[in-house]
Every structure is written in C-alpha cells, then in structure tokens.
There are 4 protein chains.
Amino acid sequence: MQRIDVALVGAGRMGQVHGPNAARHPGLRLKYVVDARPGVAEAMAGQWQAGVAGLEQALADPSVGGVLVCSTTDQHLAHASAAVAAGKAVFCEKPVDLDLAKARQAQPLFRDARFLLGFNRRFDPHFLALKRRLDAGEVGRLEALHIVNHDPAAPPPGFIPTSGGLFKDFTIHDLDLARWLLGEEPCEVFASASCLVDPEIGRLGDVDTARVLLRTPSGRLCVISNTRRSGCGYDQRIEAFCSGGRLAADNVHTSTLVATTAQGALAAPIHPGFPERYRDAYRAQIEHFADVVHGRAAPAIGYDDGIAALALAEACGQSARAAAPVHP
Amino acid sequence: MQRIDVALVGAGRMGQVHGPNAARHPGLRLKYVVDARPGVAEAMAGQWQAGVAGLEQALADPSVGGVLVCSTTDQHLAHASAAVAAGKAVFCEKPVDLDLAKARQAQPLFRDARFLLGFNRRFDPHFLALKRRLDAGEVGRLEALHIVNHDPAAPPPGFIPTSGGLFKDFTIHDLDLARWLLGEEPCEVFASASCLVDPEIGRLGDVDTARVLLRTPSGRLCVISNTRRSGCGYDQRIEAFCSGGRLAADNVHTSTLVATTAQGALAAPIHPGFPERYRDAYRAQIEHFADVVHGRAAPAIGYDDGIAALALAEACGQSARAAAPVHP
Amino acid sequence: MQRIDVALVGAGRMGQVHGPNAARHPGLRLKYVVDARPGVAEAMAGQWQAGVAGLEQALADPSVGGVLVCSTTDQHLAHASAAVAAGKAVFCEKPVDLDLAKARQAQPLFRDARFLLGFNRRFDPHFLALKRRLDAGEVGRLEALHIVNHDPAAPPPGFIPTSGGLFKDFTIHDLDLARWLLGEEPCEVFASASCLVDPEIGRLGDVDTARVLLRTPSGRLCVISNTRRSGCGYDQRIEAFCSGGRLAADNVHTSTLVATTAQGALAAPIHPGFPERYRDAYRAQIEHFADVVHGRAAPAIGYDDGIAALALAEACGQSARAAAPVHP
Amino acid sequence: MQRIDVALVGAGRMGQVHGPNAARHPGLRLKYVVDARPGVAEAMAGQWQAGVAGLEQALADPSVGGVLVCSTTDQHLAHASAAVAAGKAVFCEKPVDLDLAKARQAQPLFRDARFLLGFNRRFDPHFLALKRRLDAGEVGRLEALHIVNHDPAAPPPGFIPTSGGLFKDFTIHDLDLARWLLGEEPCEVFASASCLVDPEIGRLGDVDTARVLLRTPSGRLCVISNTRRSGCGYDQRIEAFCSGGRLAADNVHTSTLVATTAQGALAAPIHPGFPERYRDAYRAQIEHFADVVHGRAAPAIGYDDGIAALALAEACGQSARAAAPVHP
C-alpha cells in the first residue's frame, strides 16, 4: 500500500490520540503538525518524523491528501471549511460547532465534501457489534434504547464556560448514537437535569446530571443517562430492548482479573477514561479515514449528522429549562 | 413457637403463592381457606389440612389472628376493611384499590391497623441488600435510580379492562420502589408510553411500553422502564447511581450454568416469571407477616404507602395522555 | 396428599437441616426426633410439634414410613441397618462408614432396601442442570471434568481425628460427582496433597490441600481440587469439557448486588457455607425422599454408590502417601 | 526518540505478528525481512517500506541493533546464536529448541546475551495484573494454581511430526507460567494424557488432551489443563488460590455484547485464536524488546527460562508414558 500524506491540525488532547494513530497506519504518513502553541507541534512532529507547518502551508501542499482537525471547538468549523475548500479529505472532531444557526449556514460547503465527523462511539467494536445484530434483527424489532454515558469525574470549572454545556458537549454523543441505532429521527425530547456533582457548575449556569427521554414517530423510546462524575470510571453502555429480547453492550474492564475474598468478587475497574475505553474505536476511526483518503470508502458520518445531533442537543437544553417536552 | 391461626381469602394466582408459605411457616397455621369459586378453596384446604369457610365465619373465629387478602383487586378494599374491623392482622395484595379517591376515603379505617401491603419487591433479598448499602452510604449519596420492570409476555387482552392499566397495575411496584429508595417523594412525573407489543392492548385504551422520569425536590432523578413483553423472561433490575459509584441489583438466573461454544457463552435464562423470581421475597414477606401476627413487628409497608404509590401511578397516566410533566 | 410419618435420628448439624425440611414437606410428618444428648431432641421436637423417642420406639411404630439418619458418622451404618431391617425407607447422611471393609461386609443388608444416600450435590439445581445438558449431548461428548470443592475455613483440629481424613470426609463428595458425571468408573487415581492451611492438621496426620487426577478406561480425565480453607467462602464449581465446548456450573452468590467504584466492580460474596449454598439441594433431596417414602420413586443414590465413592477415597489416600498412581 | 533498525528473520505465522508491531513502534525501524521462501519476505517488506535480505547481510549491517527470530522451530537456535554472535539484541520465538541436550549445550553462548525469549503470556495484561497482585500479597500467600490452555481446534495432522509433541509445543507455555507464578521450581511432575480429539494424532504418537500436576518443594500444587480442541475458542485462563482467597484471570471475549432471550444470556464468543487473544501481549512484548534494543531494559525472559520450561516439558512426556510421577 502506498502512503498518503496527512496533516494534523491541533496537537492537544484529541490530536495526541489521532496523530499517532495516523502515523502508525501503513497507508498514511503524518507529514505536518499544525499547532500555534509554542512547542506543542514540535513535540509531536519530533516523535513521528513529521514537520511543523502553518495551516496554509499544509493545505497548499498538493501531496497532502487528508487533514485531521483536532483544534479547539470554536475553530472546528473554520479549519474544516478551509481544508474542504482546499479539496482535502477531512476528519473533524465533534461538534462541528456550538452554534446551530452558524453550523447550518455552513452546510452547503460540506455538501459533496469527503468529510468524516468524529463521533467515535460509532466505531467502538462493542457498539458496532450491537448495531450489526440490531440490523440483522437477531432479537427482533427494536422498541427502546437505554444509553449510559457517564464521565468519570467532573471537569475543572474553567472548562464549563466554553464547553457549550452538558448537552452540546457531552450528550451530543448519545444523541448521535440514538439517531444511528433508532433508525428514526426523534420527534419529542424531554430532558430533566440537575446540578448534583459540583455546585460551581451550577453557578456557571450548567448542569452535571441529566436524563433525556426521546420518542420517535413510531413510538420507540430512548433514555439517555448522563453525569459528569460516575465515581466508578468511564461508564459507557448501551442496551437495546427488542421484541425478542435485549442486546447489551457493557463496559470494558481494565483487565479480566477477579479477586474473590470473603468481601466478595472484585472485578477489575472499568476503564477510567476515553483514551483507554475508546482506544480501539479511535484506531478504527483512523482506519476508516485512511479508506476515505485513499478513495476506498465514503465517510460513514457526515456534516449533516453533526447538524442533526446539535439540533437535538439544543432541544435538550430548551426542554430542561422549560420543564416541558420539545418537538425538534 | 406457638402457632397462630390464619385465614386465606382468595386461593387464586397470588393465594396459591401465599397460602402454602403461611402453611409451611412454623409460627402460623392455615385454618381457613375462603374462596367462592367451586372447588378452589377445597383444593388448597385439602393440601394443607385446612378448612373451608366463608369470610364472616373466618373473621368471627377468635382463634384467627391474621388474614391474607388475595382476592381480586376490586375486592381488596372490602375484604381488608372487614378483616381490620374484626381486629385481625391483615396482609393485603397490592393495589389497595384502583380508585384513588375511594382509597383515600377509606384511609381512616386503616390508621392504627396492623395492615401489611404486599409490595413484594421490598422483601427481595437482592433489592434489600441494595437498600441496606444505600442507607449505609457505602458508595456515597444517592443521585439517580434506574428501575427495570419488564414482564416476560403480554397478558391476554381479557386481562386489560379490569387491570387498571399499565401504570396502576404494573408500574405501581416501581413507584413504590422509587419512594422507598429515593427517600424523598417525587415532585415531578413525566411518562411517555407506547403500544408496541400488542395492538389489541392499544385498542382497549392501554399501553404496553413506557418510560417514566421522576424528579425529587432535591434534584434526584429516577427512570422507570416498563414493558409487558421483554422477550427474555422477567427482567427485574435496579441500579442506583451515587456520588461514589453505583450499586446494581441484577437479574436472577435459573441456574449458574454457562455453556461456552463457538457461538458464545450462553448463561441460563433469567427467571421466567414472578413466582420463581420472587420466591424468596414471598417467603420473607410471610415471615414478616408472621412477626406482625405474633406482635413482634410493626408492618413495614402500610396503607399510606399504597395511597402514595397509587397517586403516582395516576400521575403517570395523566402525563402520558397529556405529553407533559405532572406535579403530583 | 396424605402425610406419612417419619423419624429423625440425630438432631445435630445435619439433622437441623433435614428435620425442618421434612417437617415442612406436605407429604411428610415429623413424628419423632431421636437424639440421646440432653435437650437436643426436645428443642427440635418442640419447634415442629413432634415427639421425642428412642430409636427402638421409633422403629417399632408401624405408622413411621421413613427414617432420616443424621447421627454421627460412626453410627450411620448401625442406625441405617436397623431402620432398613425394620422395613423403613431410609435417608442416610454420607459417608456410609469410614471403614471400607466394614461397609462392604454390610452390603447384602442393603441389597433391596429403599435406601437413599445423602450425596446432596447430585440434587443441586445447578449441577443437575449441567448433568442434564451433558446427558443430552448439547455440547458434544464429555472429555474431561474439573471439580472445585473448597471449604470456607479449616475445621477445628478436634474434628480431624474422627473425620476420616480429607479424602473420606470431603473429597468423597467430588468422587461421587465424578462417577455420576463421567459415566465410567475411574481406573487410575493420582493424588497430591499438602498441609498448607493449618500445621496442626498436619501434626494430626491429615492434609488440608489436595489435587486428585482421575482417569477412566476411555481416557477421560478428571481433576478434583480441594482445600479446607478457600478464604473466600464455599467454593463449589464444576466444569465439563466436551467435544463441542464446555459447560460450567459456577458459584452461587449471596445476592446479585454489584457495587462498582473506582476500585472495581465488587460482586456479593459467594455463599459462606453448605447450609446456604445447598439449601435448594437439601430441599430437593427431601422431596425425592418423600417420593421414596410414598413409593413413587426408587432411590437415586444407593448404598453401592457409597461403597464406590469410599473405595476411591481410600485410593486417594494411598496415592498421596505413596506419591504414585493407584488403580482401584 | 530515535529509531533503531531491526531485522525480521522469518515472515511466516509469527513473523506476521511481530514484524508489523516492530514496524509500527516509534523506536524501531523494520529495515530487513529475511525469509527464503519465494515472495514471503517481499510481501512484508513492501507493506512496511523495508528491504529484503539474507541473514548474513542483515547481521553484517552495523545499523541493525535488533533481530527478531521467527523462523521455524528447528532453526531458532541457529538463527538466534548467529544473531547473538553478531552482537545484536535478539528476540526469539519459543521454544529455544526441541532437543533439551542440544539446547543445554548452547547455553554458554547466551550467558551475557541480550536475548528475549517469546513466552508471550508473561506480557498479557490480564496475566500480568494477576502476577502483580500475587506479588503484592493482596490475597495472601499463593498455595495452588490452575492454568487452562486450550487451543480452539486441532492442528492439521501434518503439523504433529515436527511439533515436538503436545508438551514441548504447547504445554511449555504453561510450564513457563507456572515457574513464573509459583516462585519455586516444581520438583514433581505427573502428567496424564489421552488422544480424544483426533485419532490421527494418536497414530502419529502424540496426545491431544492432558492434565499435568506439578508440586513444589514447599507443597504448592499446580494443575495444567490442555487440549488441542476446546470447541469454544482459545480458552486461556489462570486461577491462583491463596490463603486469603483467589485471583482469576479469565478469558477475553470478542466484545462485551450480551444477547438475552428466552434461551438465556449469550455473551460474545471468547477470542478464536492467539493473534486476537494475545494482540496486546504481542505489542507489549515488542515494547519491551524495543527497550532492550535501546539499552533501557534487561530482557525479562532469558535463555535459561527456555531451558527450564523445556526440561519440565520433557518430564511431562516421560510421566505420561510411564504413568508415574517424574522428579526433574
């Protein structure tokens, strides 16, 4: 397989996940790392025999076939638009933007783009296995879903003001999963949310604990369970209730070890956070992006999926504030 | 231990559970079986060396210390009232009645009664273990609950018209569990319900699939998940999300057997229905009732608990019909 | 169902298990309790409206259809022989005796007896489920077995001298299970044993930790794992390796509760000892004995099974002492 | 990190595991692939931008710091010796050789070598977690081990004659694990083996099903369970019995998916074979080898470990043939 050059834009938290995965892929070569913060691009570039460049330089290089947009959320749209305009295949971290109107305005730019949105959970092998068996109808027709997405520990309060709030920052993953698995667009959204974890989050106008109830036109029901602090690691589960039984994708534990004593049988903790829990999903995502870059596949998740999830997240916020269902 | 005589009123589905448990208890003697249907009382009485009697006769016998009311739902209130008026200790199957106003009217009669309401789940050893660890604060403060109560298979349509509907007949168990575990009375009820299992249930004006979202004054959230047909047995689970982690009481399987083949690891089915799943709960309930009959304990679940759960069930129905939250 | 009278001989540890189960059975009536120790028979008799009697009196009563022999091991053979000679159906706790020659000598007395030996594990619903699926060939032909039988904590040293030693007292259960499940008599026994738990057990000439490897004529292999102190409760498992996969009957936990925290997922302890772990097995055993008493069933486990297991236990001891395989 | 060049010798089954892992490692560069079979070296070299070379050429290149010996078993010793003599750091697949005398003769050559033997299981994160907790004494002193190593399906009969037989080819992994975990050299080996899977394996003089019982000087006991065909995937488990309870490293399933229907709860299959089951172990092994190549670590498993495991495997064969324990 020939390698195609890619550029990484943003070498922060998510860039440090995706950059090395791209560098290790036999079909990609990490040619540029773009990051304005001093030393950040250099550190990653040095590790993987890549160069450091500005965005314009990277986009201007015709050998660059793909761009990974891992910059801060407020820059996603600008960076992705520029890369798409330059004719590159683009992988972009979620969300496309926090402003639904602005994101909708940009929609035409992405109409025919090779644009892959980073809803990583769709690439998780456990959730994928669930999706395949649902689609195969192995346990009958889907009737209801239960999605658990619990962060291990509350973020520092400083993160809250620019996060977009719980629903747009965090629940958005589950709203995408719900759309993907339900096979119907939810037509009713009811959200109830509290601030139980950290009162500082409440003072900043956000919530940290929520339950969302989605309803589809055919009467399917979906519950989303969120908290910023599970107390027990990164709790990530999906349960699908079907006419013939149920399918559950459970948490992944750090090992299979069980210590049985008079106190009980202690299984190893579940994964503590996203880098470990979704390690295989991140790899599979880059595998898929390499296929997109090489022209072997169309992107599985597009810009419109980003818009749809964002619209549902906005509806969650409205519902929670009004204590009433919203019909998006 | 001396045995005290008890009478069983109603030898149908639930009477066949409670009657033998009372007969086997070393502190009780099943003296009378009351059931107007031909042969029904006789069959049970013959099996357990008891006599057959009418309600008046049984209540008039001063040796009878306790009465188990297992008649049809529409007779619960009349039979229980008569037994209480006769000074007996009374065990009564749930619900106290389907009509909230009527049940509230009767409330004074039960003020000082030795009256135990049959919310059997509170006696389940698994749920009890969860309750005890919650109360001990072992994993911190309770923040949210998830209660799964899925019947194995839809009842015959003939059952629906007199059932009181999904919420009063079935969800009422979960509403009682929620009150018991949350330690607060829910102040907001939102229910979304569908008819996905059997269209005949819908034609009769009922629903068969529901999700209920309760909220308490302190912001605790509780999700109740119901279906009339799980497709996989009697799915009975509780999960409590706390500040230090989570506590889960999972399903009970029919055996610990696991068959591992190339197709996967097949664990034995979960219990198919209530008699097996709550076998130990039913025994413990009668143990507790024996303590009440002998004057060693006050009833753990009273008439007022029945009213409170019934009021929440009524709120669920209102919410589902109006597609809006209700504040009971 | 008419009740038939039974007598309990020995109201000690095992008598306190079997006596109440018989008393609660709708087809049996506990008429006599026989126990020479002051107050012991009286306590049980008072609880269950039974009488206190000597063995002769109980055996002479023609209304007595069955006798439960739960006396000390050195009296099993004498009490069981007397009851059989009196024409009673007999349930007898294991082992039949500790002396293989003596037990073999008595064999003719039991030839046509209605004699049920108390190898309780054969009545455990989990092990029974495994046996049924093995017999049905659901995962192919049986090739090997792994039996784990670990006591929770070492017995007081005073128990050791009269116990018969680890193999005759404890391993004998597993040897019976092996015979039952393998469907062939083992032809080679190799045992390796140590004293790792309590040096006092070693000073008394016994061992507390052992592994036994059985081989059958067709080449099937069976491993038995024993310890007097598991440190984690009463560890009771069977695994069957077959041509199409494996069947495992795992431990029973005290509840389904799991507490998940940052330290891991702590499942409830496994049962701490035999009364809880084999509660259902003991009930089923008495159910079967009631069928034998009523003439509805032939005993599932006979005197010859006791002899065969005892002979294997003796072979284990010889093998461990000689550090060489023994061909029984 | 600077990359150091390595050469892969043998691009067959195991070379295809280790070669890509080395090529992906940021501290290694796959410079040469050595394999005499037409096209084999070329295929791998093309995929990873490496060159094709003969062994002499690769060893003569001073830029080559490490060599991965993945040739056929009969060539391990020759290739590893040559690489060690050339001053390279060497990773060598197990076993060092099938002939114990020959392997012992070569021992002096490896005295001070940077030689890492490929007992991959020691790098498995699950087994490593068990080892660490054993060493930390978290559940007390180790008393006994149970190692399950079951291949998914019997190899083609053509593999048997050059395999070295079940004990040297397969059990050797478990014998290494036993030495590693027991912390003592076994002093007694008893093996019982059968041909139950494929009679052709028996005709070729080998066995396909075995149980091995090891005993250490301090009386610890270890059972090894082997079959060539589990019928249910690659069954790889370790259980350690300690004074305070037990530690178990269980199988890894292909996903966390569980489908619960009326037939039971079907968990996803366990991994079907070594490439998936030990994927992380293989990566960690190459991580460690990279540390050895960079001079940051001494090899965790040396030539002498290979000799010790081989001697135990030979003892297993002797014991099974003689039906008697062997003291190695």
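This one's a predicted model, so the numbers in the text were calculated from it and none came from an experiment.

Conventions and cut-offs
Residues numbered from 1 in each chain as written. Chains lettered and ligands numbered in written order. Predicted model: local features only at pLDDT ≥ 70, side-chain atom pairs only at ≥ 80, totals over all residues. Heavy atoms only, no water. Pairing = 2+ DSSP bridges. Helix = DSSP H or I, 4+ residues; strand = E, 2+ residues; numbered from the N terminus. Contact = heavy atoms within 4.5 Å. Axes fitted to C-alpha atoms, helices over the stretch in contact; angles between N-to-C directions. UniProt positions renumbered as here; feature names shortened; annotations may be inferred. Least-squares fit on C-alpha atoms with pLDDT ≥ 70 in both. Buried < 20%, exposed > 50% of the residue type's maximum accessible area, 1.4 Å probe, protein only.

Engineer: I'd like to hear about the sheet that holds strand β5 (residues 89-93) of chain B, residue by residue, with values.
Structural biologist: Residues and elements named next belong to chain B. Read from one edge of the open sheet, six strands run β3-β2-β1-β4-β5-β6, paired in parallel fashion. Every interior strand has two partners, whereas the edge strands, β3 (51-52) and β6 (115-118), have only one. By the bridge criterion, four bridges tie β5 to β6 in an arrangement that is parallel. What sits directly across from V90, in β6, is F115. Seen against the sheet, helix α1 (residues 15-24) touches β1 (4-9), β2 (28-34), β4 (64-69) and β5 and runs at an angle of roughly 145 degrees to β2.

Engineer: Explain the UniProt feature "domain: Gfo/Idh/MocA-like oxidoreductase N-terminal" (unreviewed entry) in chain A residue by residue, including any values.
Structural biologist: Under the UniProt annotation, the feature "domain: Gfo/Idh/MocA-like oxidoreductase N-terminal" (unreviewed entry) is placed at residues 5-112 of chain A. Secondary structure across residues 5-112 of chain A comprises 40% helix and 23% strand; the distance between its end C-alpha atoms is 22 Å.

Engineer: Please provide a residue-by-residue account of the sheet that holds strand β6 (residues 115-118) of chain A, values included.
Structural biologist: Backbone-to-backbone hydrogen bonds join strands into a sheet, with any given pair of strands oriented parallel or antiparallel. Residues and elements named next belong to chain A. Taking strand neighbours across the sheet as the criterion, the six strands line up as β3-β2-β1-β4-β5-β6 in an open arrangement whose pairing is parallel. The open sheet is flanked by β3 (51-52) and β6, the only strands paired with a single partner. Where strand β4 (residues 64-69) and strand β5 (residues 89-93) come together, four bridges link them in parallel fashion. For G66, the partnering residue across the bridge sits in β5 and is A89. Its contacts with the sheet place helix α2 (residues 40-47) against β1 (4-9), β2 (28-34) and β3, and it is angled at close to 160 degrees to β2.

Engineer: Break down the relation of the copies chain C and chain D for me, with residues and values.
Structural biologist: Expressed as a screw transformation, the operator carrying chain C onto chain D has a rotation angle of 180 degrees and an axial translation of 0.0 Å, and the superposed copies differ by an RMSD of 0.0 Å. Put plainly, the chains are arranged around a two-fold axis. Residues of chain C ranked by C-alpha distance from the rotation axis are headed by C:A324, positioned 3.1 Å from it. A shared binding surface is used by both copies, with 100% of the interface residues of chain C retained as interface residues in chain D.

Engineer: Give me the pairing of strand β13 (residues 257-261) of chain B: which residues, what numbers.
Structural biologist: Counting buried positions along β13(B) gives four out of five residues, so the element sits mostly inside the fold. Both β13(B) and strand β12 (residues 245-249) of chain C contribute to a ladder of four bridges, which runs antiparallel. Looking at β12(C), one finds that B:V258 is bridged to C:A248. As defined by bridge partners, β13(B) adjoins strand β14 (residues 264-267) of chain B across four bridges and the pair is classed as antiparallel. Bridge pairing in β14(B) places B:T260 opposite B:A265. If you look at the hairpin formed by β13(B) and β14(B), you'll find two residues sitting between the two strands.

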